[in-house]
Amino acid sequence: MTYRPLASELETERLSLRPLVPADAAEWHLELLGEREDGTTRTLDEDRRLLADLLASEAANGIGFRTIRRRSDGEPLGYTGLLIGRASLDEPELAYELLRRHHGQGYATEAARAVVDAAAATGRTRLWSTVGPWNTPSFRVLEKLGFRRDRVGADERSEFVYLVRDLP
Ligand SMILES: CC(C)(COP(=O)(O)OP(=O)(O)OC[C@H]1O[C@@H](n2cnc3c(N)ncnc32)[C@H](O)[C@@H]1OP(=O)(O)O)[C@@H](O)C(=O)NCCC(=O)NCCS
């Protein structure tokens, strides 16, 4: 099965989504990694390289991440997008992560909803997401987007819940 590439630019009422690029490392992405509680540490150069690798991977497989910016002032809020992750290229995972100071304003739901619609426009019929059992805000975002719980999985590091959404 071949799919159309994920739209590189998306707009919502309050937000604009554009490809996540290496320059985002210094502007906001490294800061976001520093806010994680999983002990992620990366230098600026390592982060730039990772973001360059993600762009290369999108050129090869047609799915990737988008920087979320507030349209009113261009402020970077975080990212959302699609990845293979624990799923597949046919039925990828939806992901999103915001800087803490921008939580609680409906931004993740608004941005991720645009990605769900864009995923449907690629020709895909199903999306997944995997969420730590403790992550109440993320479950709520997915509930608002029409995802349902499917099953529990685990890897060597942690347990997670698979959620699924059929696309029209
Ligand atoms: C998950 C995350 C992206 C949500 O971003 P956000 O912009 O705050 O999300 P939204 O405002 O769109 O929606 C959050 C919802 O969770 C609810 N919520 C937040 N904390 C909650 C809590 N402790 N208990 C119950 N509900 C909670 C909010 O009230 C809101 O629901 P509502 O619209 O019904 O009021 C953000 O918390 C984040 O970046 N977390 C760290 C990264 C992460 O966990 N990513 C997901 C990995 S699966």
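Residues numbered from 1 in each chain as written. Predicted model: local features only at pLDDT ≥ 70, side-chain atom pairs only at ≥ 80, totals over all residues. Heavy atoms only, no water.

An unreviewed UniProt entry lists the chain under the name Protein N-acetyltransferase, RimJ/RimL family, with Jiangella alkaliphila as the source organism.

Draft legend 1. Layout of the overall build of the chain. In terms of regular secondary structure, the chain is built from 4 helices and 8 strands. N-terminal to C-terminal, the α/β element order of the chain is β-β-α-α-β-β-β-α-β-α-β-β. The C-alpha atoms of the chain give a radius of gyration of 15 Å, which matches the 15 Å a tight globule of 168 residues would have. Summarising its shape, the C-alpha atoms of the chain cover approximately 35 × 35 × 30 Å along the three principal directions. Buried residues in the chain amount to 44% of all 168 residues. Put simply, of all contacts in the chain between residues at least 6 apart along the chain, 60% involve residues at least 24 apart. Surface accessibility of the chain: about 8900 Å² in total, with carbon and sulfur atoms responsible for 49%. Looking at the chain, you have 24 positive and 28 negative side-chain charges, and the mean spots of the two groups are 4 Å apart. (Helix = DSSP H or I, 4+ residues; strand = E, 2+ residues; numbered from the N terminus. Rg over C-alpha atoms; globule rule 2.2 N^0.38 Å. Buried < 20%, exposed > 50% of the residue type's maximum accessible area, 1.4 Å probe, protein only. Contact = heavy atoms within 4.5 Å. Areas by Shrake-Rupley, 256 points an atom, 1.4 Å probe, with all protein chains shown as cover. Lys, Arg positive; Asp, Glu negative; His and termini not counted. Charge placed at Lys NZ, Arg CZ, Asp CG, Glu CD.)

Draft legend 2. Just the environment of leucine 94, in detail. Here leucine 94 lies in strand S5 (residues 93-98). Note: C-alpha distance between leucine 94 and leucine 77 (17 residues apart in sequence) is 17 Å. When near neighbours in sequence (up to four residues on either side) are disregarded, leucine 94 contacts Thr80, Gly81, Leu82, Ala112, Val115, Val116, Trp128, Ser129, Leu142, Leu145 and Phe147.

Draft legend 3. Quick peek at empty space enclosed by the protein. Considering all chains together, one arrives at 1 cavity of 30 Å³ or more under this definition. Quantified by volume, the largest cavity comes out at close to 40 Å³. Per-element accounting of the lining of the largest cavity gives the leading share, 3 residues, to helix H2 (residues 44-61). Here the residues of the lining of the largest cavity sort into 4 nonpolar, 1 polar and 1 charged. (1 Å grid on protein atoms, 1.4 Å probe; cavity = no way out; pocket = protein on both sides within 12 Å on 5 of 7 lines; lining within 4 Å. Points joined across faces, edges and corners; volume = space filled by probe spheres on them. Nonpolar A, V, L, I, M, F, W, Y, C, P; charged D, E, K, R; others polar.)

Draft legend 4. Spotlight on the site of the ligand. Neighbouring the ligand are 19 residues; Gly104, Thr109, Asn135, Arg140 and Lys144 lie closest to it. Between the ligand and leucine 98, the relevant distance is 2.8 Å, taken from an oxygen atom to a main-chain nitrogen or oxygen of the residue. Within the side chain of lysine 144, an N or O atom sits 2.7 Å from an oxygen atom of the ligand. With the chains in place, 63% of the 960 Å² that the ligand exposes on its own is no longer accessible. For the shell around the ligand, the elements supplying multiple residues, two or more each, are S5, helix H3 (107-121), strand S6 (126-131) and helix H4 (136-144). The dominant element in the shell around the ligand, judged by the number of residues it contributes, is H4, at 6 residues. Here the residues of the shell around the ligand sort into 7 nonpolar, 9 polar and 3 charged. (Near = heavy atom within 4 Å. Polar contact = N/O pair within 3.5 Å; in protein donor to acceptor, adjacent residues only side chain to side chain.)

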